[in-house]
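Survey of secondary and tertiary structure
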Amino acid sequence: MNYRISQRAASLAPSLTLAIDSKAKQMKAAGEDVVGFGAGEPDFDTPQHIKDAAAKALAGGFTKYTPSSGIPELREAIAAKFKQENGLSYKPSQIIVSSGGKHSCYNVIMALCQEGDEVIIPSPYWLSYPEMVKLAGAASVILPTTDQTEFKVTPEQLRAAITPRTRLFILNSPSNPTGAVYTREEIRALGDVCVRSGVLIMSDEIYEKLVYDGATHTSVAAFSQAHYDHTIVVHGFAKAWSMTGWRLGFLAAPEPIAQAIDAIQSHSTSNPTSFAQKGAVAALTGSQEHLPRWLEEYARRRSYAHQRLNAIPGLTCVNARGAFYLFPNISRLGLKSIDFCARLLEEEKVAAVPGIAFGAEGYLRISYATSMANIEKGLDRLEAFVRRLAGK
Ligand SMILES: *Cc1c(COP(=O)(O)O)cnc(C)c1O
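Not measured: the values here are computed from a predicted model.

Counting its secondary structure elements, the chain contains 14 helices and twelve strands. The C-alpha radius of gyration computed for the chain amounts to 21 Å, which stays within 12% of the reference 21 Å derived for 392 residues, consistent with globular compactness. Overall size of the chain, expressed as C-alpha extent along the three principal axes, is 60 × 60 × 55 Å. Here the chain holds 392 residues, and the buried ones make up 55% of them. Residue pairs at least 24 apart in sequence account for 76% of intrachain contacts in the chain once pairs closer than 6 positions are excluded. Surface exposure of the chain reaches about 16400 Å², of which carbon and sulfur atoms provide 53%. For the chain, the separation between the mean place of its 41 positive charges and that of its 38 negative charges on side chains is 2 Å.

If you want it as structure tokens, here you go:
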């Protein structure tokens, strides 16, 4: 049979992160001692009270369809979160709960973008953004950044990239893959550029709570009514509550955009899982005491890994102030990032993700969402690999 795959699907790039990950898993299954720096998810368990709430809902028969954009109780809890933590006033009708933050991003792009539109994405970027833009038939305009600017785009760079076709600017702070956190002033300045040009902003704030060294998170929507009117905030439960497998994300948008997304969702996935939503209510309204413990542990691992990486000859690494990734520069080591990662896995059994997967050649992504013992072992091996490469 000659199955004609739609152009839309055929245009997608296979996920390099998943490819490395599946190779690493195969090696592990074969009994090899692989250290994984590839994880895009916390290594902590979901807090017990969240599991209990979902289990109780499940046992109590909360197993049917819910409103497609989420149960009122959860949308209210999310609106309260935005009010208290971000100073943002949303009605529950402006909140859409989806099957993961990724799904929320997809819904935003599908609701706003079409053929002829341009979407501005700073690189290194989360690898799904450009693929989603393709699915919507629009074009990505990539704004490259380097470790020289701590992987941040400037307002001038953004302004220069805006054309009459620009529809959306994707901002992701704290960032996956670099861990970069824009300051309040930097966020405001980028928001100002978009407001002045009538460009909408998708602000992916899923790592909001994972910040270190006194860094703070500010939502671009919070600066003025105009900023609010131009912004869709995307968020989710995966990172700060370690609920990746629950598939629950949410967004807050101006009313007409929320309505459009509600329509898309009601005809595609319908509601996110009923009893998982009850767990999410507990995540938002229950104890947050897990978070300082996790942050302390992440910060400890980050400091250690940052210092170890910089001590490896030929490799440099700017410190990240958020998320759980470091993004060391390997450009002086003479291998393309994909070859570097393939050999690192083959020869030293360390899985890391090549920078090129995020649109940035000459870097690696190291996730420190793994135990300190793993980090020590993995960095010993990385160091041995680099020294061997350099012939020393
Ligand atoms: C993890 C992540 C998300 C959302 O992940 P879900 O598991 O779909 O909730 C969104 N954006 C970025 C940048 C992420 O790293």
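Here the focus is the packing of helix H13 (residues 337-348) against helix H14 (residues 372-389). Helix-helix packing is described using two parameters, namely the angle between the two axes and the distance between the axes. Where H13 contacts H14, the two axes come as close as 10 Å, and the packing angle between them is 110°. Classified by the interaxial angle, the pair formed by H13 and H14 is roughly perpendicular. In terms of crossing hand, the pair formed by H13 and H14 is right-handed. The residues of H14 that touch H13, namely those facing Phe-340, Arg-343, Leu-344, Glu-347 and Glu-348, are Arg-381, Leu-382, Ala-384, Phe-385, Val-386, Arg-388 and Leu-389. Grouping the constituent residues of the contact of H13 with H14 by class yields seven nonpolar, no polar and five charged.

Our next topic: the side chain of Ser-242. Along the polypeptide, Ser-242 turns up in the loop between strand E7 (231-236) and strand E8 (249-252). What Ser-242 contacts, discounting residues up to four positions off in sequence, is Pro-42, Phe-44, Asp-45, Thr-46, Phe-237 and Trp-294.

Attention shifts here to helix H3 (residues 48-59). Compared with the 16 Å implied by 1.5 Å per residue over twelve residues, the 16 Å span of H3 between its first and last C-alpha is a close match. Regarding H3, the residues found buried are Ile-50, Ala-54 and Ala-57. Angular distribution of buried residues about the axis of H3 spans 60°; they occupy a single face of the element. Exposed side chains of H3 directed beyond 90 degrees from the buried face belong to Lys-56 and Ala-59. Summarising the contacts, the buried residues of H3 are in contact with helix H11 (274-285). Once H3 ends, the next one or two residues include Gly-61, with phi positive near 85°.

Around the ligand, the structure places 13 residues, and the nearest of them are Gly-101, Asp-204, Tyr-207, Lys-239 and Arg-247. A distance of 2.6 Å is found between a nitrogen atom of the ligand and a side-chain nitrogen or oxygen belonging to Asp-204. In this structure, an oxygen atom belonging to the ligand sits 3.1 Å away from a side-chain N or O atom of Lys-239. Protein contacts shield 94% of the accessible area of the ligand, which totals 380 Å² for the unbound molecule. Within the shell around the ligand, the residues separate by chemical class into five nonpolar, four polar and four charged.

In this section: the packing of helix H5 (residues 101-112) against helix H6 (residues 128-135). At a minimum axis separation of 9 Å, H5 and H6 run at an interaxial angle of 40°. Here the hand of the crossing between H5 and H6 comes out right-handed. Contacts between H5 and H6 involve Lys-102, Cys-105, Tyr-106, Ile-109 and Met-110 from the first element and Ser-128, Tyr-129, Met-132, Val-133 and Leu-135 from the second.

Turning our eyes to something else, we now look at the domain arrangement of the chain. How big an interface is tends to be stated in terms of accessible area lost as the parts join. The domain boundaries assigned to the chain delineate domain 1 (7-46 + 290-390) and domain 2 (48-285). For domain 1 versus domain 2, the separation of C-alpha centres amounts to 25 Å. Opposite the 38 residues of domain 1 that make contact, domain 2 presents 36 residues. Here domain 1 and domain 2 share an interface that buries about 3200 Å² over both sides, 59% of which is from carbon and sulfur atoms. A per-residue breakdown of the area domain 1 buries against domain 2 is headed by Thr-46, Arg-321 and Phe-358, which together make up 24% of the total. Across the domain 1-domain 2 interface, the total number found is two salt bridges. Across the pair Arg-302 and Asp-213 runs a salt bridge whose closest N-O atoms are separated by 2.8 Å. Remark: the boundary between domain 1 and domain 2 carries 22 residue pairs in polar contact (both at pLDDT 80 or more).

To continue, consider the sheet that holds strand E3 (residues 118-123). Spatially, the seven strands line up as an open sheet ordered E2-E8-E7-E6-E5-E3-E4, and their pairing is mixed. Of all strands in the sheet, those bounded by a partner on one side alone are strand E2 (95-98) and strand E4 (139-144). Averaged over all pairs of adjacent strands, the angle between strand axes in this sheet comes to 20°, irrespective of strand direction. Bridge analysis of strand E5 (residues 166-172) against strand E6 (residues 200-204) gives five bridges, and the strand direction is parallel. Along E6, the bridge assignment pairs Phe-169 with Ile-201. Its contacts with the sheet put H5 on E2, E5, E6, E7 and E8, and the angle it makes with E7 is roughly 160°. Helix H8 (residues 184-197) contacts E5 and E6 of the sheet and is inclined by roughly 170° relative to E5.

Thresholds, definitions, all that
- Residues numbered from 1 in each chain as written.
- Predicted model: local features only at pLDDT ≥ 70, side-chain atom pairs only at ≥ 80, totals over all residues.
- Heavy atoms only, no water.
- Helix = DSSP H or I, 4+ residues; strand = E, 2+ residues; numbered from the N terminus.
- Rg over C-alpha atoms; globule rule 2.2 N^0.38 Å.
- Buried < 20%, exposed > 50% of the residue type's maximum accessible area, 1.4 Å probe, protein only.
- Contact = heavy atoms within 4.5 Å.
- Areas by Shrake-Rupley, 256 points an atom, 1.4 Å probe, with all protein chains shown as cover.
- Lys, Arg positive; Asp, Glu negative; His and termini not counted.
- Charge placed at Lys NZ, Arg CZ, Asp CG, Glu CD.
- Axes fitted to C-alpha atoms, helices over the stretch in contact; angles between N-to-C directions.
- Parallel < 35°, antiparallel > 145°, perpendicular 65-115°, else oblique.
- Left-handed = near helix turned anticlockwise from the far one by under 90°.
- Nonpolar A, V, L, I, M, F, W, Y, C, P; charged D, E, K, R; others polar.
- Expected span 1.5 Å × (residues − 1).
- Arc of directions from axis to C-beta.
- Near = heavy atom within 4 Å.
- Polar contact = N/O pair within 3.5 Å; in protein donor to acceptor, adjacent residues only side chain to side chain.
- Domains from an automatic or database assignment.
- Buried area = accessible area lost by both parts, 1.4 Å probe.
- Salt bridge = Lys/Arg side-chain N within 4 Å of Asp/Glu carboxyl O.
- Pairing = 2+ DSSP bridges.

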